[in-house]
Each structure stands twice: as C-alpha cells, then as structure tokens.
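Reading the structure
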Amino acid sequence: MKLLRFGEAGEEKPGMLDADGHIRDLSGHIDDITGATLSSDALDKLRSVDPSSLPLVDAQTRIGACIGAVGKLIAIGLNYADHAAEANMALPEEPIVFFKATSSISGPDDPVEIPRGSTKSDWEVELGVVIGTRAKYVSEADALSHVVGYCIVNDVSERDFQLHRSGQWVKGKSHDTFAPMGPWLVTADEVADPQSLGMSLSVNGKTMQDGSTTTMHFSVATVIAHLSQFMTLHPGDVIATGTPPGVGMGQKPAVYLREGDEMVLSIEGLGEQRQTCIAARS
C-alpha cells in the first residue's frame, strides 16, 4: 500500500493511493497515519478495504508528511561510500547518528525555508525508514521485520550552522521545513530490497544527485540493529539513512540553495517531491 496524509498543515487526514494514482480518503477507517495506527492488524484491515469504495480526494489538495506524530527523527551521516569520498571524509567505523528536530518535518511539496543568515543551505535525498514495531536490542537478521514502510526524506542542511557553529550537527539540520517527508509511506511488502533503489535530486532542472542505496556503507538492517542497542525504536519513529554524492557542498566550486531555487527528488517506487526555496518566515 501507499499511504499518505492530505489537507492543510496541522489538519491532515489519512489517505491511500489507488491503482490509478488517485488519492482516496481513509478517514472513515482510521484517524491518522501514525505509529499508533500502523500495527500489523491495522494494516491488514486497510488492505481489505476496496480503494474504489473510498471518497476521491481532489488532485490539487496539499499532501502532508506521510506520517504524523513522529516521536524521533534520527539521521545517519556519511553513510554512502561515494558521498564520504566527495566530502573528503573517512568512512566511519560505526554509524554516525544525529537527530533532526521533529518540528523540521514538512510536506513533500511544501516550500523549504532558507534560514536567516544562511550562506550554505544544502540538499540531501535520503531513504526514510519508518519503524512499525518496538525495536530494542534487535539483531541485524531480525531488524527489517520492525520496518513498516519507506519514504523519501530531504535532509536539508545548513552547512555553516552544521560544521562551524559549535556542538552537534543538529543546529544545521533542524530549521523549520528542513525535513520534507513523503509523498507516500510505501509499506515494506512493496519494497523488495531497500538496498537496491535508485535515487535522484535535481536543482532548477539540473541533476545533482544520481545514486543508489546499493552504495550504502551501513545497510538499513545494520542501522536499525545498531540504533536499537542505544535507544528503543518506537512505532512511528523515522530514520533518514544517508545520502549519495552530489550535494551542494561537494560541488567544485560549492553550490548552495537560494530563494527561488526548485528541488525535485525521487526514489524508485517511493514517488517524487518538489520544493521551492523561500525566505524564512517568522
């Protein structure tokens, strides 16, 4: 299934994509798409629903982040061998873990704000992994059984804030709108191999990132197992698993986002995002 949330920000309703790519309203069956509504039993009930029996949603309706009430938004740094090479940084011996504020989550096509004082706002197309069942001290062999689905995440970053403003990376990762998520939560049964997905990002029509999850340094299963040794992963938690090469910081010379720039992101089977950059709002 491809699940999504639609409507004005803060008032999203749950939806499902039908076989023809039309949005159908699921609010007669569940209240929202959250960790609390993504149990195996709940998904089985949704699979039994005939999409054609659901109300059709206007195609112009805003799409929100594909999962609501996210408890933790965890990200993995330098997790692609080719991205580490362009950043001139050594591959880590263990996953580099950082957090993005959940207030940075936005819809897949919502505008992305350039923060006040920003000189180095950057893009990162990433495979998002959504946890479906509690995971604590899980093995790598069992890790993927805790995944309910996958989505696209744009790990937007302000590199100067991230690298030169002291402390952890979170300062450069957490501005409002810095985590567009969706358009869909694609359930795990529709993703045969999360380590074999093409992914791309363009800026103003120019392809900047053109990679694949095959070049991940630590696989999705490895990342989940590793994280679960340090914290309990709960249903609805989201993990952004790293980015392939082609980020703005890696260009020669470096190129960064400006007001009016348009980003288009895609991951094989997971849909497309499209964002326009705007000045930060109060």
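Residues numbered from 1 in each chain as written. Predicted model: local features only at pLDDT ≥ 70, side-chain atom pairs only at ≥ 80, totals over all residues. Heavy atoms only, no water.

**Overview of the sheet that holds strand 18 (residues 271-279)**
Spelled out, the test is: Following DSSP output, two strands are said to pair if at least two bridges run between them. Note on conventions: DSSP H or I runs of at least 4 residues are helices, E runs of at least 2 residues are strands, and numbering of each starts at the N terminus. Lines fitted to C-alpha atoms define the axes, with helix axes restricted to the stretch in contact, and inter-axis angles between N-to-C directions lie between 0 and 180 degrees.
What the five strands build is an open sheet, ordered 7-18-17-14-15; its pairing is mixed. Bordering the open sheet on either side are strand 7 (112-114) and strand 15 (206-212), each of which pairs with just one other strand. Adjacent strand axes in the sheet meet at a mean angle of 20 degrees when their direction is disregarded. Bridge count for strand 14 (residues 198-203) against strand 15 is six bridges, and the pairing is antiparallel. Looking at strand 15, one finds that glycine 198 is bridged to serine 212.

**Regarding the side chain of histidine 226**
Using the following cut-off: Buried, partly exposed and exposed residues are distinguished by accessible area as a fraction of the type maximum, computed with a 1.4 Å probe on protein chains only: under 20%, between the cut-offs, and over 50%, respectively. Any two residues having at least one pair of non-hydrogen atoms within 4.5 Å are treated as being in contact.
Tracing the sequence through the fold places histidine 226 in helix 5 (residues 220-227). Overall, the relative accessible area of 16% leaves histidine 226 in the buried class. Those residues in contact with histidine 226, other than ones at most four positions away along the chain, are Glu94 and Pro95.

**Focus: the state of the cysteines**
Selection criterion: Disulfides are defined as pairs of cysteine sulfur atoms found within 2.5 Å of each other.
This structure, assessed with the given rule, holds zero disulfides. We note that cysteine 66 lacks a disulfide partner, and the nearest cysteine sulfur, in cysteine 151, lies 3.9 Å from it. Overall, cysteine 66 belongs to the buried group, its relative accessible area being 0%. In this structure cysteine 151 comes out as buried when scored by relative accessible area, which is 0%.

**Here's the deal with the sheet that holds strand 9 (residues 125-131)**
Reading across from one edge, 3-2-1-13-10-9-16-4-5 is the order of the nine strands in this open sheet, with mixed pairing throughout. Where the open sheet ends on each side, the last strands, each with one partner, are strand 3 (23-25) and strand 5 (96-99). If you compare each strand with its neighbour and ignore which way they point, the axes differ by 30 degrees on average. Bridge count for strand 9 against strand 10 (residues 147-154) is seven bridges, and the pairing is antiparallel. Bridge assignment links valine 130 to a residue of strand 10, and that residue is glycine 149. Packing against the sheet, helix 5 makes contact with strand 4 (73-77), strand 5, strand 9, strand 10 and strand 16 (238-240), and its axis sits at approximately 55 degrees to strand 9.

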